[in-house]
Each structure stands twice: as C-alpha cells, then as structure tokens.
Amino acid sequence: MNLESLLGLALVAAAMVLILGYVAAVRKWEPRALRAIQTFQSLQRAIGLAVEAGNRLHLSLGRGNFLSSQAGVGFAGLSTLDLIARSTSISDKPPISSAGEAALSILAQDTQRGAAHDLGGEFDPARAQLTGVTPFSYAAGAAALLGEDEVGASLLVGSLGSEVALIIEAGERAGSPALGGTDNLSGQAVLYASAHNPLIGEETFASGAYLGAGRLHHASLFAQDVLRWAVILAILAGAILKVAGVL
Amino acid sequence: MKNPLLTAIAMAVGIVVLAGYFLAVDMLLTLRAILIEWATILVAVALIAGVINLFAVHWRKVTRGSAGGASGSTQIYSLVLVTGLSATLIVGGWLGPTHPYALWIFNNIQLPVETSLMAILAVVLVYAGARLIQRRLNLLTVVFLLTAVVVLLVSGPLFGFDLPGLAELRAWIGRVPAAAGARGVILGVALGIVTTGLRLLAGVDRPYEG
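Residues numbered from 1 in each chain as written. Chains lettered and ligands numbered in written order. Predicted model: local features only at pLDDT ≥ 70, side-chain atom pairs only at ≥ 80, totals over all residues.

**Focus on the pairing of strand β1 (residues 56-62) of chain A**
All names here are of chain A. Threshold: The burial criterion counts other C-beta atoms lying within 10 Å of a residue's C-beta, which is placed from the backbone; the residue is buried at 20 or more, exposed at 12 or fewer, and partly exposed between these limits. Secondary structure elements follow DSSP: runs of H or I of four or more residues count as helices, runs of E of two or more count as strands, with numbering from the N terminus. When DSSP finds two or more bridges between two strands, those strands count as paired.
Most of β1 sits inside the fold, with seven of its seven residues counted as buried. Neither face of β1 is open: one carries R56, H58, S60 and G62, the other L57, L59 and L61, and all of them are buried. By the bridge criterion, six bridges tie β1 to strand β4 (residues 151-159) in an arrangement that is parallel. If you follow G62 over to β4, its bridge partner there is S159.

**Section: helix α6 (residues 164-173) of chain A**
Going by this rule: We call two residues in contact if the C-beta atoms placed from their backbones are at most 7 Å apart.
Counting buried residues in α6 of chain A gives nine out of 10 residues, a clear majority hidden from the surface. Of the positions making up α6 of chain A, those classed as buried are V164, A165, L166, I167, I168, E169, A170, G171 and E172 of chain A. Taken together, the buried residues of α6 of chain A touch β1, α5 (135-148), β4, β5 (178-182) and α7 (185-194) of chain A together with α4 (100-135) of chain B. After α6 of chain A finishes, the residue G175 of chain A shows a positive phi value of roughly 75°.

**A word on the nonpolar core**
Residues and elements named next belong to chain A. Under the convention used in this document: Joining buried Ala, Val, Leu, Ile, Met, Phe, Trp, Tyr and Cys residues through C-beta atoms within 7 Å gives a set, and that set is a nonpolar core. Source of the domain bounds: an automatic or database domain assignment.
Ranked by size, the top nonpolar core spans 85 residues in total, and within it A139, A143, V164, L166 and I167 carry the most contacts. Mapped onto the domain boundaries, this core takes at least three residues apiece from domain 1 (33-213) and domain 2 (214-247). Apart from the residues within four sequence positions on either side, V164 is in contact with A139, L156, T182, G187, V190 and L191.

**So, the interface of chain A and chain B**
You'll often see interface size given as the accessible area lost when the parts meet. Convention followed: Throughout this entry, Asp, Glu, Lys and Arg are counted as charged residues, while Ala, Val, Leu, Ile, Met, Phe, Trp, Tyr, Cys and Pro are counted as nonpolar. The remaining residues, Gly among them, count as polar.
At the junction of the two partners, chain A supplies 60 residues and chain B supplies 48 residues. Those elements that provide at least two residues to the side of chain A that touches chain B are α1 (3-28), α3 (71-87), α4 (102-118), β3 (128-130), α5, α6, α7 and α9 (215-243) of chain A. Counting residues per element, the side of chain A that touches chain B draws most heavily on α4 of chain A, which supplies nine residues. When its residues are assigned to classes, the side of chain A that touches chain B shows 34 nonpolar, 17 polar and nine charged.

See below:
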C-alpha cells in the first residue's frame, strides 16, 4: 500500500470513527446546536410555504456523472430530495426534480416514488425528469419546468456548472427564488452571484442535518467539521515548517 | 419500507469498491473492475430509460394539452422536442451518427442552439452581477465584482487599452487568493463527499426504492 492510499484510508477511517463516536455521545448528551445558515432557514420557510400555500418546490440535481467524484454531490441532492418529498407530503403539490444525468433522474424517480409510497401518496414519473444530457439542454429543460408549474422556490444541489445561471434567471422571472450549492468551482461562483441564498463548499452536504434527517446526518456534519479543522491545522503546520526550512 | 436485501447488496458493493481503491489485493481489484464495468453498462442503459422518460413526459403534454397541465406555448415546445428527438433517433439510428445527415443536424441545429444559450449566459451573468449589488451589498460582494472586472479587463482589454499593472494584478489574483479560495472549496467538497459516501455505505441514505 502506498502513502497516498494509506492517507486516504486513514481519512475514511477517521471520518467513520468520528461519526460513530458522535452517535454514541449523543445517546448521553444533547446534540450540539448547528450554526445558523441563511439558506437552510430560507429552505425551511419554502417548505412551509409549499405546504400552506400550495407552492411546488423544484430541486435541480445537476449533471453529476455516477462513475466520477461528482456522484457525491448527486447523492447529497438525492438525500435532500427525499427529505423535501417527505416534508411536503401533505401538500397538494409534491416537489419536482430535474437532472442532466440519466442515472440521477432514475434515482430521483425512485427516491420520490419511495417517499410517496411510504406516505400513502401517488407518484407521477413526470415529477422527476431528465431534462437534457448536455449542460445547456439540461439548463433549458429545467428552466422550462420552472415556467410551467407554480414553483415557489428552486433548490439547486448537484454538480452544476455556469449554466446554472440560466435556471436561476428563469426562476427569477417565474418568481421562484433559488437556493443551493454545487461541487463545481465555476458553478459555485455563478451561484454566489445569482442565487438568493448560495451554499459554499461543504455546506452543500449539510442539508440532511439542517432539515432534521436524524442524528447520523448530525454526526456526519460533525465529522466534516472536525476533519476540516484537522486539514486547516495540517496546512498551517506545513506552512510553518516550510518557512522554518524543515520541509 | 426499504428492502433490506437491496440495502445489503448496495452496501456490500460499495464496501468492495471502496476497499479495492485502498488495498492492493488481487481478488478485490478484479471484483472492483467487474463491478465498475457493470455500473458503466447500467449507466448507459439508464440513458435509454431517461430518454424514454423525457419522450413520454413531452408526448403526454402534446397529446393531453391543457388537460395534462400544459399551456399552449408549452405544448408547442414539447412538440418541437418530440419531433426533434424522433428525427434525430431515426437519422442517427438508421444511417449512423457519422452520416452527413446526422452531422448536419448536429452542426446546424444543436451547435447553434447551444452557442446561442452560451451567448445568453454571458448577458445573464452581467445582469446577475448588477443584481448582486442590489441584493447583497457588502464587502465580499464589492471584492467579488471588482475581481470580475479586473479579470475581464485583462482578458479582453477595452478598446485595446492596456492599463499598467493590471496584468500583474490579474496574475496575482489567479495565483494567490483565487487559488487559495478554490482549494478551500475543493477541500470542503471532498470532505462532504467522504461523509456522504459513508452515510451511503452505512445504509443511512438509500436513494433506491427498496
């Protein structure tokens, strides 16, 4: 095993230990309070409105290829979709989702079908669509969805590039504010400039914990935070050692 | 109710593929290669299913019209999509994707449409920048917009004027703050992917019906 593999395995093992440790600790103590993130507060308001005012929520899952690292943010989007579908189950208008990757659209259908089945509702396959397979065809298809249905808010969680601006602009015209984050750097910059409430970097993966998906989501957020601090300290230590001439 | 058998299969496959990345055991490597090959085939099959779903959704809009919840313009867009998809499938499937007719469709329809959308994107981004000042005027917004202006001025000098020091400033922005910020975002995303992956392996998140 080379050093790279060893470090990767150590990172995964550390994350697992932190998650399990947090779950065990929460049995004895109260879970830690989460810092306020404006985007999730807005999302909770949008979910409330979807239930009370009959507005539909749209979730854009992006174009993350399942055979690459983009799958991670795609799964985070699917997890958010599941939570939203369950939270708005009593609404007249269940959420709709759009994807630019076929496997993602099939999993989105399965997620929404599962939520509808568990809660005794009916599922319509048109609620989870593959809107296009190239960046711009996907964005154009998703933008058209926003104009057709009474969408109250649009959540964008997935691998989205700069084409996301077209979806957000269509949402603005339809009166549906956009919230969300992506793993793509150019998409991140565009979201920062155009979305009502952008999520930055790892915040994109925190939706489960903020939407009350349970203690394992809290635990994974805790692991994420601890590991982030560990990486920051490692970078600082490296910089100091470099300046001191040790490295 | 999730199916425990499907969950167990998904978890086992995930663990084998993950272990195959870190441990150089022949059996694990072979198994990982086979599973990834299957996944590649399934992704290709998923594309066919996705396109059928896309066709079905728009066919329903065309045939049911307002009864299916589609407005007049939506019906026309859906008709264009259904016709375009059918024509491309027939031409590409019958004559092959490299036939001049198939290439004509790509070069004269798809390419111009996507290029037009890219041009619209440029306008939308300028508009988004202006709206950002209105919506969230703070120090970060000012820094963000000033950086965008500097990069734009260096990338495409206005009327051919090249302001002294601007190219150096743009190079420094790319080398120091932009690289540092990008690495920070990438590290955060990587950690998010690790914890999301672990939740999937533990069967906490199950984006399959089961």
